[in-house]
Amino acid sequence: MTKVLATIMLLFFVGSLQVQAQSADQLIGKWKLVKWTKKGKEQNIHSKFKTDEVYQVFKEGNDFVSIIGSKETKGSWKLSDNNKKLTVKVMMMKVNFVIEYMDDKKRIISNKKQGALEYERVE
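Since the model is a prediction, treat every value here as computed from it, not as a measurement.

Cut-offs applied
- Residues numbered from 1 in each chain as written.
- Predicted model: local features only at pLDDT ≥ 70, side-chain atom pairs only at ≥ 80, totals over all residues.
- Heavy atoms only, no water.
- Salt bridge = Lys/Arg side-chain N within 4 Å of Asp/Glu carboxyl O.
- Helix = DSSP H or I, 4+ residues; strand = E, 2+ residues; numbered from the N terminus.
- Buried < 20%, exposed > 50% of the residue type's maximum accessible area, 1.4 Å probe, protein only.
- Core = buried A, V, L, I, M, F, W, Y, C linked by side-chain atoms within 4.5 Å.
- Contact = heavy atoms within 4.5 Å.
- Phe/Tyr/Trp six-rings, centres within 6.5 Å; stacked < 30°, edge-to-face > 60°.
- Lys NZ or Arg CZ within 6 Å of the ring centre and 35° of its normal.

## Some words on the pattern of salt bridges
Oppositely charged side chains can pair when the atoms bearing their charge come close.
Step number 1: The final tally for this structure, using the stated rule, is two salt bridges.
Step number 2: Among the salt bridges present, the one from Glu-53 reaches Lys-32, with a minimum N-O distance of 3.6 Å. In this pair, Glu-53 sits in the loop between α2 (45–49) and β3 (54–58) while Lys-32 sits in strand β1 (residues 29–38), placing the two residues 21 residues apart along the sequence.
Step number 3: Judged by relative accessible area, which is 33%, Glu-53 ranks as partly exposed.
Step number 4: Judged by its relative accessible area of 21%, Lys-32 falls in the partly exposed class.
Step number 5: The partner of Glu-118 in a salt bridge is Lys-106, and the shortest N-O contact between them spans 3.9 Å.

## Comments concerning the nonpolar core
Step number 1: Of all hydrophobic cores here, the largest spans 20 residues; its most connected members are Phe-58, Trp-77, Leu-86, Val-88, Phe-97, Ile-109 and Leu-117.
Step number 2: Mapped by element, the contributors of at least two residues to this core are β1, β3, β5 (71–79), β6 (85–90), β7 (93–102) and β9 (115–122).
Step number 3: For this core, the leading source of residues is β7, giving four residues.
Step number 4: Contacts of Ile-109, omitting those with residues within four sequence positions, involve Gln-56, Leu-86, Phe-97, Val-98, Ile-99, Glu-100, Gly-115, Ala-116, Leu-117 and Tyr-119.

## Considerations on the packing of aromatic side chains
Step number 1: Considering all chains together, one arrives at three aromatic pairs under this definition.
Step number 2: Their ring planes at 45° and their centres at 6.0 Å tell us that Trp-36 and Phe-49 sit as a pair that is tilted. Of this pair, Trp-36 sits in strand β1 while Phe-49 sits in helix α2, and the two are 13 residues apart along the sequence.
Step number 3: On the accessibility criterion, Trp-36 (9% relative accessible area) is buried.
Step number 4: We classify Phe-49 as partly exposed; its relative accessible area is 25%.
Step number 5: Here Lys-30 stacks its cationic end above the ring of Tyr-55, 4.4 Å away from the centre of that ring.
Step number 6: For the cation-ring pair, Arg-107 lies above Trp-31, with the distance from its terminal atom to the ring centre recorded as 4.8 Å.

Don't take any of this as a statement about function, it's just geometry.
Written out as structure tokens, the structure is:
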């Protein structure tokens, strides 16, 4: 019985590592901001950023690039152990997000100050 329980626990642990790796792997790539909702109201991306070309690029090694129009800002990113929190650090400023939804093509993150940000993966 003890061996069976130990085997089940080991499989659960290995399975949780695979889920974590998959989520971090899903994050790698270029993402375009397609919708922004703050306090229940959809915001105008173009009015805020003066462009519709607003991207987040997540690279291996936790490198991050924010692209707004032709301006690029480099930083870093970190995903929490449970894959529910994303921290982006740009120019000495850390911003923490809750991952509301994420798959290979769509990602929704939020925080109290910025609201909900919906991104779609671009090639």
